[in-house]
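In case you want the letters, here they are:
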Amino acid sequence: MWPCRASDVKARARWWLAGVAVAVTAALVFAGASWQALMPLPATLHMGRQGGASVAATHVVAADGTPLNLSFDSRFNRADVLPASAMPLLLRHAFVAAEDHRYWQHGGVDWRARFTALWQNLRAGRIVRGASTIGEQAARILEPRPHTYWSHWVAGLDAARLLQRFGHAQVMAFYLNQVPYGANRRGVAQAARYYFGRDVRVLNPAQQLALAVLVRSPVAYDPRRHPAALRRAVTRLARQMRREGVLSASDATAVARASLAPTAQALPVTAGPFVVQALARARARHLPGPTIHTTLDPALETFVQQTLRTRVASLAGKGVRNGAALVVDNRTGAVLAWAVAPKGSAYAIDPVITPRQPGSALKPFVYGLAMARLGWQADHVIMDTPLTERVQQGVHRYRNYSGRHYGRVSLRYALANSLNIPAIRTAQAVGPAAIVRELQHLGFSTLRKSADYYGPAIALGDGAVTLFDMVQGYASLARHGRFLPIHVLADHAPVAPVPVLPGAVTSLLANILSDPNARAAEFGADSVLDLPEPTAIKTGTSSDYHDLWTLGFDNRYTVGVWMGNLEGAATQGLTGSMGPAPVLRRIFAHLRGQGTYAGLWHSPQLQAVRTCEWIGPPPCIRRQEWYVPRGSVVGASTGAASAPIQPVIVQPVDGETLAIDPRLPRSAQQLTLRIDTHGLPIERIDWRVDGHVLPDHASSVDWPLVPGKHQVSAAIWLQGRDKSLTVGPVSFDVAGKP
């Protein structure tokens, strides 16, 4: 035995102490690095309601919770979170058996499985087994890390901390709700719908085991691409669970027999344009939460879509390519249906919010303003005679749709028959500025130009509006003249309706628009607008038949339908009553089939009177009419009262140039001078052309054309007045040889 010198012992001791110091230092460094790498623990694992934090909303649901979109771009599943108790017990047992069969015994790391996996990986020279526990996988979901041994170590520490703070049950629930699958689906609820088109709570036994298998490799076991591989993996898992005693013989038989065929996931209702609007409005309001709750009625939406799309398809041969329909609850302003046609239309161009020419659909607002501001009643007489106005360098001659002129027409019949010339004269009497202001107060957001830009022709649709705004305006008429913004979000903050038109006026408008006898002159008897129950309905057709509208309301609902072409092409002579009216009729029939008819409000302020009304030559129509009580006024939104109505020369138009046709005899070339008296009681009219008094004293006289510049004026004597009223002068030119 060799003698041990003291110097050697000391050297060995120093080496031993140095080794200990290095080991302690390495351990401290390793511990410090591990401590630094630990993730901060979340305050809660309930990701659906994570501490009230603001998250990007991606899921949109209808009023009854029906999903309206499929959006899976979030890091966490916040919309389809279920408590573990709501998930099938077999499903939970399958995940424990497949991923971590000692989950309920260990504290976050299964050291036996980890060392076994490490030995297998070292022997294979590559990673063939991970041995990650459910706790470690939950930690990686919260804090994604690369797949390295170091990350595996840190994930184990995080798993232990998660289980210590939240317990095994909460961590398991979090894992089942957040575990990733293919196509960005997270959690077993989303996976069940994606792979099998079913709610996770009604999956068959084989499908439940399949969800536990798919987390290992969503690509290799995809039932659409590799159904045989999935079936083999499910069979192996079933055998394992049978050996471990967590799968009964009957369940094992059910697993073997049950189908694993994938089912395409389909939304119960497709409402793409509505979803786009709901998301945009929610983001504009910075709404927190993972789910956007809307006002949409999915059953009604489906019916309206089918009805609209069928009608648009049937009119394709007549040039109709697109359509839109909107249904609103008058009491709350909630949008119940938002449909577009055809299916698959580009959502970037939504016809519900695309400005289009409204045609005659704005006339009720013009007449309502005349009632409220000028005191006109339903029997107020408006002259339906030829009307020509100067437009820039030329003239425009207004005409009714049928081409007829009725002469003396009462307001009821002018509105019910949608006559153009009386509407223009009403707009002139009220003033375009007042009309534009009133429409803006009723929510028409696209009328941003000056009143001079639109002129009186705004009554005929010279101002593009959206179906959204149109329905909003008509809903205000149904709401007794009170404006309330319509909305698509269920958590819309309630606001008080703003009075815009007197309730008695809107009640009388509804009475006129629901009167089938009053509209018969232009629309005929038994019109498509004559619904079985009284319903206020108005149509609109823009120039050259580009845009077709029908709007209607009762006490409970307002419905609006538009048809036409988003690319701007005209239809083949279709009108609002020919195109969209049948759709509106079917929608109201459906609504009333789901509940009792809500009626059409009749204001108790309206007073019954016996009157004589006009539409055409004598005799007048004797009937009971409703009068708006004197003193009914509009709020400050309408401004001051208009000036009294004055007669006006309507032909010739000031600045007009006429030409003598050399092919015709001079005796046949005459200009008819016309004056619109607005129904005033006229005793006599003295016409003057270039200062010379004409022999005739009627409201229209013929004057032979004479080349040169001319001026025409008229002196009018009203019945019961001593002084005449001068109208004009109007200047015009006649081109041609003397």
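Residues numbered from 1 in each chain as written. Predicted model: local features only at pLDDT ≥ 70, side-chain atom pairs only at ≥ 80, totals over all residues. Heavy atoms only, no water.

## Thoughts on the overall build of the protein
Stage number 1. Helix and strand counts for the protein stand at 20 helices and 23 strands.
Stage number 2. Per-residue burial for the protein yields a buried fraction of 51% across its 738 residues.
Stage number 3. Intrachain contacts of the protein at a sequence separation of at least 6 include 70% that bridge at least 24 residues.
Stage number 4. Carbon together with sulfur atoms contributes 56% to the accessible area of the protein, which is approximately 34200 Å² in total. (Helix = DSSP H or I, 4+ residues; strand = E, 2+ residues; numbered from the N terminus. Buried < 20%, exposed > 50% of the residue type's maximum accessible area, 1.4 Å probe, protein only. Contact = heavy atoms within 4.5 Å. Areas by Shrake-Rupley, 256 points an atom, 1.4 Å probe, with all protein chains shown as cover.)

## Quick look at a positive patch on the surface
Stage number 1. A contiguous patch of positive charge on the surface is contributed by Arg232, Arg236, Arg239 and Arg243.
Stage number 2. Looking at the secondary structure, you find Arg236 in helix α8 (residues 227–243). (Patch = residues over 30% accessible without salt bridge, like charges linked within 9 Å, V, L, I, M, F, W, Y side chains within 5 Å. Salt bridge = Lys/Arg side-chain N within 4 Å of Asp/Glu carboxyl O. Lys, Arg positive; Asp, Glu negative; His and termini not counted. Charge placed at Lys NZ, Arg CZ, Asp CG, Glu CD.)

## Considering the packing of helix α12 (residues 363–374) against helix α18 (residues 503–513)
Stage number 1. Packing of α12 against α18 brings their axes to within 10 Å, and their N-to-C directions diverge by 135 degrees. Between α12 and α18, the angle falls in the class oblique. Between α12 and α18 lies a crossing whose hand is right-handed. Along the contact surface, α12 presents Pro364, Tyr367, Gly368, Met371 and Ala372, while α18 presents Val505, Leu508, Leu509, Ile512 and Leu513.
Stage number 2. Here the contact of α12 with α18 is built from residues that sort into 9 nonpolar, 1 polar and no charged. (Axes fitted to C-alpha atoms, helices over the stretch in contact; angles between N-to-C directions. Parallel < 35°, antiparallel > 145°, perpendicular 65-115°, else oblique. Left-handed = near helix turned anticlockwise from the far one by under 90°. Nonpolar A, V, L, I, M, F, W, Y, C, P; charged D, E, K, R; others polar.)

## Concerning unusual backbone geometry
Stage number 1. With an omega of 5 degrees, the peptide bond running from Pro618 to Pro619 counts as cis.
Stage number 2. With respect to the helices, strands and loops of the structure, Pro619 is situated in the loop between β14 (607–613) and β15 (621–627).
Stage number 3. Looking along the chain, the bond that leaves Gly728 and enters Pro729 is cis, with omega of 5 degrees.
Stage number 4. Within the secondary structure, Pro729 sits in strand β23 (residues 725–735).
Stage number 5. Phi angles above zero are rare outside glycine, and Asp526 is one such case at about 55 degrees.
Stage number 6. We classify Asp526 as exposed; its relative accessible area is 75%.
Stage number 7. At Tyr545, a position not held by glycine, the phi torsion is positive, near 65 degrees.
Stage number 8. Locating Tyr545 in the fold gives a position in the loop between β11 (536–541) and β12 (548–553).

## Considering the nonpolar core
Stage number 1. Formed by 84 residues in total, the largest nonpolar core has its most connected members in Leu326, Phe444 and Met470.
Stage number 2. In this structure Phe444 touches Leu362, Phe365, Leu439, Val465, Asp469, Met470 and Gly473, once residues within four positions along its chain are discounted.
Stage number 3. Leu163, Phe174, Ala191 and Val234 belong to the second-largest nonpolar core, a separate cluster that totals 57 residues. (Core = buried A, V, L, I, M, F, W, Y, C linked by side-chain atoms within 4.5 Å.)

## Section: the sheet that holds strand β19 (residues 682–689)
Stage number 1. In spatial order, the strands read β17-β23-β22-β19-β20; together these 5 strands make up an open sheet with mixed pairing. Each of the sheet's edge strands pairs with one partner strand only, and the pair in question is β17 (656–659) and β20 (692–693).
Stage number 2. Strand direction decides the pairing type here: β17 and β23, joined by 4 bridges, are parallel. Across the sheet, residue Leu658 finds its bridge partner in β23, namely Val734. (Pairing = 2+ DSSP bridges.)

## With respect to the state of the cysteines
Stage number 1. By the definition in use, this model includes 1 disulfide.
Stage number 2. Across the disulfide, Cys612 is cross-linked to Cys620 (sulfur-sulfur distance 1.2 Å).
Stage number 3. Residue Cys612 is classed as partly exposed on the basis of its relative accessible area of 21%. (Disulfide = S-S within 2.5 Å.)

## Remarks on a nonpolar patch on the surface
Stage number 1. Where nonpolar side chains cluster on the molecular surface, the patch consists of Tyr401, Tyr545 and Met578 and spans about 290 Å² of accessible area.
Stage number 2. Residue class for Tyr545 comes out partly exposed when judged on its relative accessible area of 31%.

## Considerations on the sheet that holds β11
Stage number 1. Spatially, 5 strands are ordered β4-β3-β13-β12-β11 in an open sheet, and the strand pairing comes out antiparallel. Looking at the sheet topology across the chains shown, the edges are occupied by β4 (335–341) and β11. On average, each strand axis in the sheet is inclined to that of its neighbour by 5 degrees, with strand direction left out of account.
Stage number 2. As paired elements, strand β3 (residues 322–329) and β4 share 6 bridges and run antiparallel to each other. Bridge assignment links Ala324 to a residue of β4, and that residue is Val340.

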